[in-house]
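So you can see what is in the structure, the chains are spelled out below.
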Amino acid sequence: MDDMTRRFTITTPIFYVNGAPHIGHAYTSIAADVLARFHRLNGENVLFISGTDEHGQKVEQTAAAQGIETQAYADKISEDFRQMQRDMAISTDDFIRTTDERHKKAATALWNKVTENGHIYLGAYEGWYSTRDEAFIGEDELVTKPDGTKVAPSGAPVERVKEPSYFFRLSDFQDRLLKLYEENPDFIGPAGPRREIESFVKSGLRDLSVSRTSFKWGIPVPNDPDHVMYVWFDALTNYLTAVGYPDLSDPRAKFWPADLHIVGKEIARFHCVYWPAFLMAAGIELPKCVFAHGWWTVEGEKMSKSLGNALDPKALADEFSLDALRFFLMREVPFGGDSNFSRRSMITRMNVELANDLGNLAQRSLSQIAKNLGGVLPERGVLTEDDQSILALAQILPSIMAEQIERKAITEALEEAWKLVRAANSYIDRQAPWALKKTNMDRMADVLRVLVDLIRTIATMLQPYMPITMDKMLTQLGVEEGERSFAALEVPLPGGRVLPKPEGLFPRFVEETE
RNA sequence: GGCGGCGUAGCUCAGUGGUAGAGCAGGGGAAUCAUAAUCCCUUGGUCGGCGGUUCAAAUCCGUCCGCCGCUACCA
């Protein structure tokens, strides 16, 4: 890749190692993966990173409760997340762990830089502390007993305590942040979270406590080993770790600033307020966009530990196939909003859109080539008006989808591809090659060739969403490895290639009880 | 409480001033190449209630009802 190639840097959140990966983690990973793959196929030089956030009191406590070394515990859960991403075919270029040496170096360097620039000072963090729980309790977590005293959720008594803490001068950045949002309306997406964050910043910012002395599992504050860095300063820095910070000569340094941070809406604020403020304080360029997506509910219920309804993405992929799961997650809801996972809608989408619409389109087209043309791809023939108008739709699909992807409309981009799928089914019925077989074999071949060209466009454009199945579909169409980029669509396939025997790629899903 | 969003066909939703739309589900028909898949046509809504602005409102304003989000150290 030369320097003229457009670079695209995209991140997932780093996942907190305090529980098993569930469908929400898979969703955020798949969404970022679709975008990363799309940009790669679009000819861009992509850096796609993910990782795990492994520090903090909760991790320390959970490991202790299980009677294992904190690092060993973090190793295990971090590996679970990497396995989940392999299971979901997530095409990351790197995986950052906050316990990596390189990350500790980056976080330490950032801390020093921000301190040097005068934005960190030593103060005191005041809060409610439960000695029995050995933890600070947030104001809103306190439970008021009938007699008026406040206690921890566990019922343990709490006391007001002060602990020394370093603070980041977040309050100094209010105006600069508002200016950032105003001058870069695309910095936060979609519009809902943007308004919320703007109004949050407008309401006034307090300085941020960025260190703790109450636990040890973290990155030591430089020159004050009693303190470890508190979560956000540590965690957000992972994005810089990935580009080799603070080593500006690192080959990846040119991948900063990041183009896109994909995050869940619950952590949008930290990415849209703290993160740019830290970077401004250090004099580092800001990312271009933070995009927040919504939550999944399960059969209409919120996913929660108490309900025990967290969905295991691996189990779903095993049952429905990975690509069907990826398709469903990207298709079911406008990216950005909340959505519901139900078995029924999963199966409906699989059968109607994948099996009936797309799978059957490929199968019916290719089987006619196999049966009537000896499996040989025909050359393009003379195009009728009908041929030309549907091929024109295929020709503009890449740019239409690219526009949607540019604005992170993953679902809408997919819908654009489906318009062509439906149009192709309509075309095949209108042209009825099975009837032409009896009257005009040449015209039949022309029609089947148009269909191959349409399906090739569809399969090429759907590779980011369903990489495994679309790989097979392109092979069935006679498209070679080097002919699968978006740019390659401009060169028609040469006729005469012998196509492999077509096989159904999206079987209908039938419930065993039915 | 404050700020913001939403409420459109049975379901999921699109539609920001000019005779109500898509997909799915329902009904009728065609075709039979294909994974009993496909295609065509079609039923269906006083666009949450009320009031206002306008020649004209789902679309602007007010108000009421219902649901939801945000309201910092919790990853």
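Owing to the predicted nature of the structure, the values given are computational and were not obtained by experimental measurement.

**Student:** Which parts of the structure should I look at to understand the overall build of chain A?
**Tutor:** When you go through chain A residue by residue, the secondary structure sums to 17 helices and 18 strands. For the C-alpha atoms alone, the extent of chain A along its principal axes is close to 90 × 55 × 40 Å. Taking all 514 residues of chain A together, 56% fall into the buried category. Residue pairs at least 24 apart in sequence account for 75% of intrachain contacts in chain A once pairs closer than 6 positions are excluded. As presented, chain A carries roughly 22,800 Å² of accessible surface, and 51% of it is formed by carbon and sulfur atoms. Where the 58 positive side-chain charges of chain A centre and where its 74 negative ones centre are 2 Å apart.

**Student:** Hey, could you run me through the packing of helix H14 (residues 410-431) against helix H16 (residues 441-462) in this one?
**Tutor:** In a pair of packed helices, the angle between the axes and the distance between the axes together describe the arrangement. Running from N to C, H14 and H16 cross one another at 170°; their axes reach a closest spacing of 10 Å. In this view, H14 runs roughly antiparallel relative to H16, as classed from their interaxial angle. In this structure, H14 contributes Leu414, Ala417, Trp418, Leu420, Val421, Ala424, Tyr427, Ile428 and Gln431 to the contact, and H16 contributes Arg443, Val447, Val450, Leu451, Leu454, Thr457, Ile458 and Leu462. Grouping the constituent residues of the contact of H14 with H16 by class yields 14 nonpolar, two polar and one charged.

**Student:** How should the sheet that holds strand S16 (residues 296-298) be read in this particular structure?
**Tutor:** Sheet strands pair by backbone hydrogen bonding; their relative direction is either parallel or antiparallel. Strand order in the open sheet made by the three strands is S17-S16-S18, with mixed pairing throughout. Looking at which strands have only one partner, the edges of the open sheet turn out to be strand S17 (301-302) and strand S18 (339-341). Note that S16 and S17 share two bridges and pair antiparallel. Bridge pairing links Thr297 to Lys302 in S17.

**Student:** Quick question: what am I supposed to make of the pairing of strand S13 (residues 224-229) here?
**Tutor:** Regular strands place their side chains on alternate faces of the sheet. Pairing between strand S11 (residues 211-212) and S13: two bridges, direction antiparallel. Note that in S13 the partner of Ser211 across the bridge is Met229. Note that strand S12 (residues 220-221) and S13 share two bridges and pair antiparallel. Of the residues in S13, the one forming a bridge with Pro220 is Val228. Counting the residues in the hairpin turn of S12 and S13 gives two residues, including Asn223, whose phi is positive at 65°.

**Student:** What's the story with the packing of aromatic side chains in this structure? I'm lost.
**Tutor:** Each aromatic ring pair is described using two quantities: the centre-to-centre distance and the angle formed by the ring planes. On inspection of all chains with the given rule, the structure shows 20 aromatic pairs. Aromatic pair Tyr121 and Phe167: ring centres 5.8 Å apart, planes at 20°, arrangement stacked. Of this pair, Tyr121 sits in strand S4 (residues 120-130) while Phe167 sits in strand S8 (residues 159-168), and the two are 46 residues apart along the sequence. Taking the relative accessible area as the measure of exposure, Tyr121 reaches 25% and is therefore partly exposed. Taking the relative accessible area as the measure of exposure, Phe167 reaches 12% and is therefore buried. Each ring, one from Trp296 and one from Phe341, has its centre 6.3 Å from the other, and the planes form 65°; the classification is edge-to-face. In this pair, Trp296 is assigned in strand S16 and Phe341 in strand S18, connecting sequence segments 45 residues apart. Ring-pair connections join several aromatic residues into one group, and the members of that group are Trp111, Tyr166, Phe168, Phe173, Trp232, Phe233, Phe270, Tyr274 and Phe278.

**Student:** Can you walk me through the pattern of salt bridges in this structure?
**Tutor:** This structure, assessed with the given rule, holds 34 salt bridges. A salt bridge links Glu319 to Arg343; the shortest N-O distance between them is 2.8 Å. Of the two residues, Glu319 sits in helix H10 (residues 313-320) while Arg343 sits in helix H12 (residues 343-372), which places them 24 residues apart along the sequence. Exposure remark for Glu319: the relative accessible area of 36% places this residue in the partly exposed category. With relative accessibility at 29%, the residue Arg343 sits in the partly exposed group. Between Arg449 and Asp453 there is a salt bridge, with the nearest N and O atoms lying 3.1 Å from each other. Of this pair, Arg449 and Asp453 both sit in helix H16, four residues apart, roughly one helical turn.

**Student:** How do you make sense of the protein's contact with RNA strand B when you look at a structure like this?
**Tutor:** Residues in close proximity to RNA strand B total 40 residues, the closest being Arg206, Tyr230, Trp232, Arg269 and Lys371. Protein-adjacent atoms of RNA strand B, using a 4 Å cutoff, are sugar or phosphate at a proportion of 62%. One nitrogen or oxygen atom from the main chain of Gly359 is found 3.3 Å from a base oxygen belonging to RNA strand B. Within the side chain of Lys371, an N or O atom sits 2.5 Å from a phosphate oxygen of RNA strand B. For the surface near RNA strand B, the elements supplying multiple residues, two or more each, are helix H6 (191-202), strand S10 (208-209), helix H7 (231-236), helix H9 (268-282), H12 and H14. Among the elements that take part in the surface near RNA strand B, H12 stands out by supplying 11 residues, more than any other. Per-class residue counts for the surface near RNA strand B are 16 nonpolar, 11 polar and 13 charged.

**Student:** Teacher, can you tell me more about the UniProt feature "short sequence motif: 'HIGH' region" (unreviewed entry) in chain A here?
**Tutor:** When the UniProt feature table is mapped onto this chain, "short sequence motif: 'HIGH' region" (unreviewed entry) is found at residues 15-25. As annotated, residues 15-25 has a helix share of 27% and a strand share of 18%, and its two end C-alpha atoms lie 8 Å apart.

**Student:** Where do I start with the sheet that holds strand S1 (residues 7-16) in this structure?
**Tutor:** Strand order in the open sheet formed by six strands is S3-S2-S1-S14-S15-S9, and the pairing between neighbours is parallel. Lying at the two open borders of the sheet, with one neighbouring strand each, are strand S3 (94-97) and strand S9 (188-189). Note that S9 and strand S15 (residues 290-293) share two bridges and pair parallel. Residue pairing across strands places Gly189 opposite Phe291, the latter belonging to S15.

**Student:** Help me out: how do you make sense of the environment of Thr237 in this one?
**Tutor:** Its place among the elements puts Thr237 in the loop between H7 and helix H8 (238-241). Relative accessible area serves as the criterion here: at 0%, Thr237 is assigned to the buried category. Thr237 sits 57 residues away from Leu180 along the chain, and the two C-alpha atoms are 20 Å apart. Those residues in contact with Thr237 that lie beyond four places of it in its chain are His103, Ala106, Ala107, Leu110, Trp232 and Trp275.

Conventions we followed
Residues numbered from 1 in each chain as written. Chains lettered and ligands numbered in written order. Predicted model: local features only at pLDDT ≥ 70, side-chain atom pairs only at ≥ 80, totals over all residues. Heavy atoms only, no water. Helix = DSSP H or I, 4+ residues; strand = E, 2+ residues; numbered from the N terminus. Buried < 20%, exposed > 50% of the residue type's maximum accessible area, 1.4 Å probe, protein only. Contact = heavy atoms within 4.5 Å. Areas by Shrake-Rupley, 256 points an atom, 1.4 Å probe, with all protein chains shown as cover. Lys, Arg positive; Asp, Glu negative; His and termini not counted. Charge placed at Lys NZ, Arg CZ, Asp CG, Glu CD. Axes fitted to C-alpha atoms, helices over the stretch in contact; angles between N-to-C directions. Parallel < 35°, antiparallel > 145°, perpendicular 65-115°, else oblique. Nonpolar A, V, L, I, M, F, W, Y, C, P; charged D, E, K, R; others polar. Pairing = 2+ DSSP bridges. Phe/Tyr/Trp six-rings, centres within 6.5 Å; stacked < 30°, edge-to-face > 60°. Salt bridge = Lys/Arg side-chain N within 4 Å of Asp/Glu carboxyl O. Near = heavy atom within 4 Å. Polar contact = N/O pair within 3.5 Å; in protein donor to acceptor, adjacent residues only side chain to side chain. UniProt positions renumbered as here; feature names shortened; annotations may be inferred.

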